[in-house]
Amino acid sequence: MNWDDTTDSTAAERLVGPVADREDQAVEAALRPKDLGEFIGQEKVREQLDLVLRAARARGATADHVLLSGAPGLGKTTLSMIIAAEMGAPIRITSGPAIQHAGDLAAILSSLQEGEVLFLDEIHRMSRPAEEMLYMAMEDFRVDVIVGKGPGATAIPLELPPFTLVGATTRAGLLPPPLRDRFGFTAHMEFYEPAELERVIHRSASLLDVEIDTAGAAEIAGRSRGTPRIANRLLRRVRDYAQVKADGVITRDIAAAALAVYEVDARGLDRLDRAVLEALLKLFGGGPVGLSTLAVAVGEERETVEEVAEPFLVREGLLARTPRGRVATPAAWAHLGLTPPRAQGAGNGQQDLFGA
């Protein structure tokens, strides 16, 4: 089983999950900015990318290959489309898991037009033979197509038109150095500040013809985990609530009431996040406790807790990973309104048997 697929599926089912479902994909297509000037946030990345693209246009050449890394939902796909639009070039979209053989990649590369942008999402999940073929394609705009099998096999060189590869990954550390080194421009996408998300929400609300005030946008932004995709998803759910329960206008009170219905609290934690924290605090006194034990306590798979719930809890400073197991921080006790035991962290012998 591919645990990436399992955790992606679980994340997509959550209202605050960063993975896009079909509804997200349809809405995002309508909400996407068309150029760098419309793109909100990622100031340094936008400035650097603008220089790369303007220089390439001035030379009349294709842009350098671009690698975008960062968590899901921060705008990597949107930026790839903007790159193509800024260069006045068509874009071809595929993903690493879809390329399992070198022949799959050769078929895509051989059909590219000159200057075309090839967007390769989750590039770290591409097969090794295809990855090795990509090295030569990126550097020399050439691939060797193997004809025949065994001792009689021959390699036929196939020249490719100049193209721009835009690779996107959520796990840059899994990319081998030879592949990373072939990208002319590398950028890491950061999580958004609440003020930036407020701008995203106001822009989306305008495009969706939703009336929202400043306080309502701030309330949604504060629960969006620093991710525009989640902000837009929460906005749509709050819009539904406002249309049914109120006059259609989103205020702070309406946003708070709507998100309470969907079990998204003031810090953006949902049912799974709170279940993990409550088990850690109420059942194990704040830890340390092993991951497997914690997963059993909340009725989830170990990988779901580790890959879906924990990253945000750690980033929010509510949970810490230690060699002895998972430990709640003082902020976790405060968030759930609980009083930590005096000997928090001491644990007991049974809990200490379970390592991280």
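Residues numbered from 1 in each chain as written. Predicted model: local features only at pLDDT ≥ 70, side-chain atom pairs only at ≥ 80, totals over all residues. Heavy atoms only, no water.

Trainee: Any chance you could break down a nonpolar patch on the surface for me, citing the residues and the numbers?
Mentor: Side chains of Met 81, Ile 91 and Ile 93 sit close together on the surface and give an oily, nonpolar patch of about 220 Å² of accessible area. Along the chain, Ile 91 turns up in strand 2 (residues 91-95). Assessed through its relative accessible area of 30%, Ile 91 is described here as partly exposed. (Patch = residues over 30% accessible without salt bridge, like charges linked within 9 Å, V, L, I, M, F, W, Y side chains within 5 Å. Areas by Shrake-Rupley, 256 points an atom, 1.4 Å probe, with all protein chains shown as cover. Salt bridge = Lys/Arg side-chain N within 4 Å of Asp/Glu carboxyl O. Helix = DSSP H or I, 4+ residues; strand = E, 2+ residues; numbered from the N terminus. Buried < 20%, exposed > 50% of the residue type's maximum accessible area, 1.4 Å probe, protein only.)

Trainee: Describe the environment of Ala 205, listing the residues and the values that go with them.
Mentor: Structurally, Ala 205 can be placed in helix 8 (residues 194-207). When the C-alpha positions of Ala 205 and Ala 217 are compared, they lie 9.2 Å apart, and in sequence the two are 12 residues distant.

Trainee: Can you break down the pattern of salt bridges residue by residue, with the values?
Mentor: A full pass over the atoms with the stated rule returns 19 salt bridges. As a salt-bridge pair, Arg 182 and Glu 139 come within 3.2 Å of each other at their nearest N and O atoms. Taken together, the residues span a long stretch of sequence, with Arg 182 in the loop between helix 7 (177-180) and strand 7 (185-188) and Glu 139 in helix 6 (residues 128-140) at a distance of 43 residues. Salt bridges here are not isolated pairs; linked through shared partners, they connect Glu 306, Glu 310, Arg 321 and Arg 326.

Trainee: So what's going on with the environment of Leu 112? Residues and values would help.
Mentor: Structurally, the position occupied by Leu 112 is in the loop between helix 5 (102-110) and strand 3 (117-121). Accessibility expressed as a relative area gives 6% for Leu 112, which makes it buried. Here the alpha-carbon distance between Leu 112 and Pro 161, two residues 49 residues apart in the chain, equals 7.1 Å. With sequence-adjacent residues up to four places away left out, Leu 112 is seen in contact with Arg 92, Leu 118, Pro 161 and Phe 163. (Contact = heavy atoms within 4.5 Å.)

Trainee: So, the packing of helix 5 against helix 6: which residues are in play, and what are the values?
Mentor: In helix packing, the relevant descriptors are the interaxial angle and the interaxial distance, both defined with respect to the helix axes. The interhelical angle for the contact between helix 5 and helix 6, taken along N-to-C directions, is 35°, at an axis separation of 7 Å. Contacts from Ala 102, Leu 105, Ala 106 and Leu 109 of helix 5 reach helix 6 at Pro 129, Ala 130, Met 133, Leu 134 and Ala 137. Residues belonging to the contact of helix 5 with helix 6 are distributed by class as follows: nine nonpolar, no polar and no charged. (Axes fitted to C-alpha atoms, helices over the stretch in contact; angles between N-to-C directions. Nonpolar A, V, L, I, M, F, W, Y, C, P; charged D, E, K, R; others polar.)

Trainee: Would you mind going over the nonpolar core in detail, with residue names and values included?
Mentor: Within soluble globular proteins, side chains that are nonpolar generally end up buried alongside one another. Of all hydrophobic cores here, the largest spans 49 residues; its most connected members are Leu 49, Leu 79, Ile 201, Ile 212, Ile 220 and Ile 250. Tallying contributions element by element places helix 10 (residues 228-245) first for this core, with seven residues. (Core = buried A, V, L, I, M, F, W, Y, C linked by side-chain atoms within 4.5 Å.)

Trainee: Run through the side chain of Thr 78, naming residues and quoting values.
Mentor: Examined against the element boundaries, Thr 78 turns out to sit in helix 4 (residues 76-87). Looking at Thr 78, the relative accessible area reads 12%, which means it is buried. Every residue in contact with Thr 78, bar those within four places of it in the chain, is listed here: Arg 32, Pro 33 and Phe 39.

Trainee: Explain the layout of surface pockets to me, and be specific about the residues and the numbers.
Mentor: Computed from the structure, the second largest pocket encloses a volume of approximately 160 Å³. Around the second largest pocket, the lining comprises 10 residues; the ones closest to its centre are Arg 14, Leu 15, Asp 270, Arg 271 and Leu 272. Of the residues assigned to the lining of the second largest pocket, the class counts are three nonpolar, two polar and five charged. (1 Å grid on protein atoms, 1.4 Å probe; cavity = no way out; pocket = protein on both sides within 12 Å on 5 of 7 lines; lining within 4 Å. Points joined across faces, edges and corners; volume = space filled by probe spheres on them.)

Trainee: A description of unusual backbone geometry should follow, citing residues and the corresponding values.
Mentor: Phi angles above zero are rare outside glycine, and Phe 141 is one such case at about 50°. You can see Phe 141 is positioned in the loop between helix 6 and strand 4 (142-147). The phi angle at Asp 209 is positive, at roughly 60°, despite the residue not being glycine. By the secondary structure assignment, Asp 209 is in the loop between helix 8 and strand 8 (211-212). Asp 209 gets classed as exposed once you look at its relative accessible area, which sits at 72%.

Trainee: Run through the packing of aromatic side chains, naming residues and quoting values.
Mentor: Under the counting rule described, the total for this entry stands at one aromatic pair. With 5.5 Å between their ring centres and 80° between their planes, Phe 141 and Phe 163 make a pair best called edge-to-face. Of this pair, Phe 141 sits in the loop between helix 6 and strand 4 while Phe 163 sits in the loop between strand 5 (154-159) and strand 6 (164-169); the two residues are 22 residues apart in sequence, bridging distant segments of the chain. Judged by its relative accessible area of 22%, Phe 141 is partly exposed. (Phe/Tyr/Trp six-rings, centres within 6.5 Å; stacked < 30°, edge-to-face > 60°.)

Trainee: Outline the sheet that holds strand 6, listing residues and values.
Mentor: Strand order in the open sheet formed by five strands is 2-3-6-1-7, with parallel pairing between adjacent strands. Each of the sheet's edge strands pairs with one partner strand only, and the pair in question is strand 2 and strand 7. Direction aside, neighbouring strands of the sheet carry axes that sit 15° apart on average. As paired strands, strand 1 (residues 66-69) and strand 6 are joined by four bridges and run parallel to one another. Looking at the pairing, Leu 68 lines up with Ala 168 of strand 6. The sheet contacts of helix 3 (residues 43-59) involve strand 1 and strand 7, and relative to strand 7 the element is tilted by about 165°. (Pairing = 2+ DSSP bridges.)

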